[in-house]
Amino acid sequence: MPETLAAARIGVVTFPGTLDDRDAARAVRLAGGEPVSLWHADGDLQGVDAVVLPGGFSYGDYLRAGAISRFAPAMDAIVDAAKGGMPVLGICNGFQVLTEAHLLPGSMIKNDHLHFVCREQVLSVENADTAWTNAYEQGQRITIPLKNQDGQFVADERTLDELEGEGRVAFRYQDGNPNGSRRDIAGITNARGNVVGLMPHPEHAVEAGFGPADATGPRAGTDGLGFFTSVLASLVRA
Amino acid sequence: MGRVVVEVMPKPEILDPQGKAVVGALPRLGFTQFSGVRQGKRFELEVDGEVTPEVLAAAREAATTVLSNPVIEDVVAVTDATEVSA
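All of the points below concern the structure found in this document.

About the criteria used
- Residues numbered from 1 in each chain as written.
- Chains lettered and ligands numbered in written order.
- Predicted model: local features only at pLDDT ≥ 70, side-chain atom pairs only at ≥ 80, totals over all residues.
- Heavy atoms only, no water.
- Helix = DSSP H or I, 4+ residues; strand = E, 2+ residues; numbered from the N terminus.
- Rg over C-alpha atoms; globule rule 2.2 N^0.38 Å.
- Buried < 20%, exposed > 50% of the residue type's maximum accessible area, 1.4 Å probe, protein only.
- Contact = heavy atoms within 4.5 Å.
- Buried area = accessible area lost by both parts, 1.4 Å probe.
- Salt bridge = Lys/Arg side-chain N within 4 Å of Asp/Glu carboxyl O.
- Polar contact = N/O pair within 3.5 Å; in protein donor to acceptor, adjacent residues only side chain to side chain.
- Core = buried A, V, L, I, M, F, W, Y, C linked by side-chain atoms within 4.5 Å.
- Pairing = 2+ DSSP bridges.
- Axes fitted to C-alpha atoms, helices over the stretch in contact; angles between N-to-C directions.

## Structural notes on the overall build of chain B
Moving on, step 1. Counting its secondary structure elements, chain B contains two helices and three strands.
Moving on, step 2. The linear arrangement of helices and strands in chain B, starting from the amino end, is β-α-β-α-β.
Moving on, step 3. Since a compact globule built from 86 residues should have a radius of gyration of about 12 Å, the 16 Å found for chain B marks it as more spread out than a globular shape.
Moving on, step 4. The buried share among the 86 residues of chain B stands at 29%.

## Side note on the interface of chain A and chain B
How big an interface is tends to be reported as the loss of accessible area on association of its parts.
Moving on, step 1. Listed per partner, the contact involves 15 residues of chain A and 15 residues of chain B.
Moving on, step 2. Surface buried jointly by chain A and chain B totals about 1200 Å² across both partners, of which 66% is contributed by carbon and sulfur atoms.
Moving on, step 3. In this structure, the salt-bridge partner of Arg 64 of chain A is Glu 73 of chain B, at a minimum N-O distance of 3.7 Å.
Moving on, step 4. Where chain A packs against chain B, one counts six residue pairs in polar contact (both at pLDDT 80 or more).
Moving on, step 5. Taken together, the elements giving at least two residues each to the side of chain A that touches chain B come down to β5 (107-109) and β8 (152-154) of chain A.

## Let's talk about unusual backbone geometry
Residues and elements named next belong to chain A.
Moving on, step 1. A positive phi angle, close to 60°, is found at Asp 61, a residue other than glycine.
Moving on, step 2. Locating Asp 61 in the fold gives a position in the loop between β3 (50-53) and α3 (73-83).
Moving on, step 3. At Leu 114, a residue that is not glycine, the phi angle is positive and equals roughly 70°.
Moving on, step 4. Among the residues examined, Leu 114 registers a relative accessible area of 25% and is labelled partly exposed.

## Re the nonpolar core
Moving on, step 1. Counting 68 residues, the largest nonpolar core has Leu 53 and Phe 171 of chain A as its most contacted members.
Moving on, step 2. Sorting elements by how many residues they give to this core places α3 of chain A first, with six residues.

## Comments concerning the pattern of salt bridges
Residues and elements named next belong to chain A.
Moving on, step 1. Summed over the entire model, instances satisfying the criterion amount to 20 salt bridges over all chains.
Moving on, step 2. Here Glu 100 ties to Arg 64 by a salt bridge, and the two come within 2.8 Å at their closest N and O atoms. With Glu 100 in helix α4 (residues 93-100) and Arg 64 in the loop between β3 and α3, this residue pair connects regions lying 36 residues apart in the sequence. With respect to class, Glu 100 is no different from Arg 64; both count as buried.
Moving on, step 3. Note that Arg 183 and Glu 157 form a salt bridge whose closest N and O atoms lie 2.6 Å from each other. Residue Arg 183 is found in the loop between β9 (169-173) and β10 (185-189), and its partner Glu 157 is found in helix α5 (residues 157-165); the two are separated by 26 residues along the sequence.
Moving on, step 4. When salt bridges that share partners are traced, they join Glu 126, Glu 157, Asp 161, Glu 164, Arg 172 and Arg 183 into one network.

## With respect to the sheet that holds β10 of chain A
Residues and elements named next belong to chain A.
Moving on, step 1. Strand order in this open sheet of nine strands is β2-β1-β3-β4-β11-β10-β9-β6-β7, and the pairing throughout is mixed. A single partner strand is all that each edge strand has here, and the edge strands are β2 (34-39) and β7 (141-148). Looking at each pair of strands side by side, their axes are set apart by 25° on average, direction ignored.
Moving on, step 2. Relative to β9, strand β6 (residues 117-125) runs antiparallel, the two being bridged by three bridges. Note that in β9 the partner of Leu 123 across the bridge is Tyr 173.
Moving on, step 3. Its contacts with the sheet place helix α2 (residues 21-31) against β1 (9-14), β2 and β3, and it is angled at close to 175° to β1.
Moving on, step 4. Contacts from α4 reach β3, β4 (88-91), β10 and β11 (195-198), with the element oriented near 120° to β4.

## What about the sheet that holds strand β3 (residues 73-80) of chain B?
Residues and elements named next belong to chain B.
Moving on, step 1. Here three strands make up an open sheet; going across it, the order is β2-β1-β3 and the pairing antiparallel. Either end of the sheet is taken by a strand with one partner, and the two such strands are β2 (41-47) and β3. Shown here is a sheet whose adjacent strand axes are inclined to one another by a mean of 20°, direction ignored.
Moving on, step 2. As judged from the seven bridges shared by strand β1 (residues 2-10) and β2, these two strands associate in the antiparallel manner. Opposite Arg 3, over in β2, you have Glu 46 as the bridge partner.
Moving on, step 3. Helix α2 (residues 53-67) contacts β1, β2 and β3 of the sheet and is inclined by roughly 160° relative to β3.

Okay, structure coming up:
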């Protein structure tokens, strides 16, 4: 079994202005997978088993956050692969890219208070049945960093009702809504559960000594690691 | 040289945080007449030739597929803004 896990290759896409590709690759490695760097301008996904769209400010958030990256050659290949069931995780700017690419509904606008937020954020795992969340318990509280300015999730009421009704709200903000997101939504999934997007950053909470504070001490939190062990487990099962 | 202007606004039902910040700043500068501000975007698309119906149609398509996100924004105008030289 560990051999199969180690063989899983997880692509991490770098766009111009991406910031967290190294941390995402490191998270994949710490979870036991093999990270593969993918370049936005290359439509060849190099046979990876899953893809992470990391955070940052691709194209300086010009036009709209994620709007220009959506048209990258790598994204055409990723949209096709995602429709075929390949696991795709969008973190922060990567989530914005997924909504612009119409792989996930809704959109992100500026935080309601207009400030950049950087803090350790408590979330509840509302759907522990996706490719990226199966290592968690339903309703589990996790703490991972949140850092953005355009983090307010919005969608029309019908879309929000659909997301709720179909169990597609993957994460909800707990202990206060940091940005005005509708219904405290921090992350969502597609119906199939292979495409997940969220604004907070699991890849920054994967190694003791470098994560958020938890009960065992400062910077000890590794609550984000489950995203990456989840996808490895889902690939083994597939 | 032709020019097409595309104007995009946040949807009415979407709170516009930037407009809200601007309307808060106006009275501090003595502008007390304005009770609301919404901030949108204006794009000027240059074309080498004339603005033909085909060019306008292409501009409309670009407006709805790239220049705006229909989840949060409306395209409120796509107009031929070519300046007629005297």
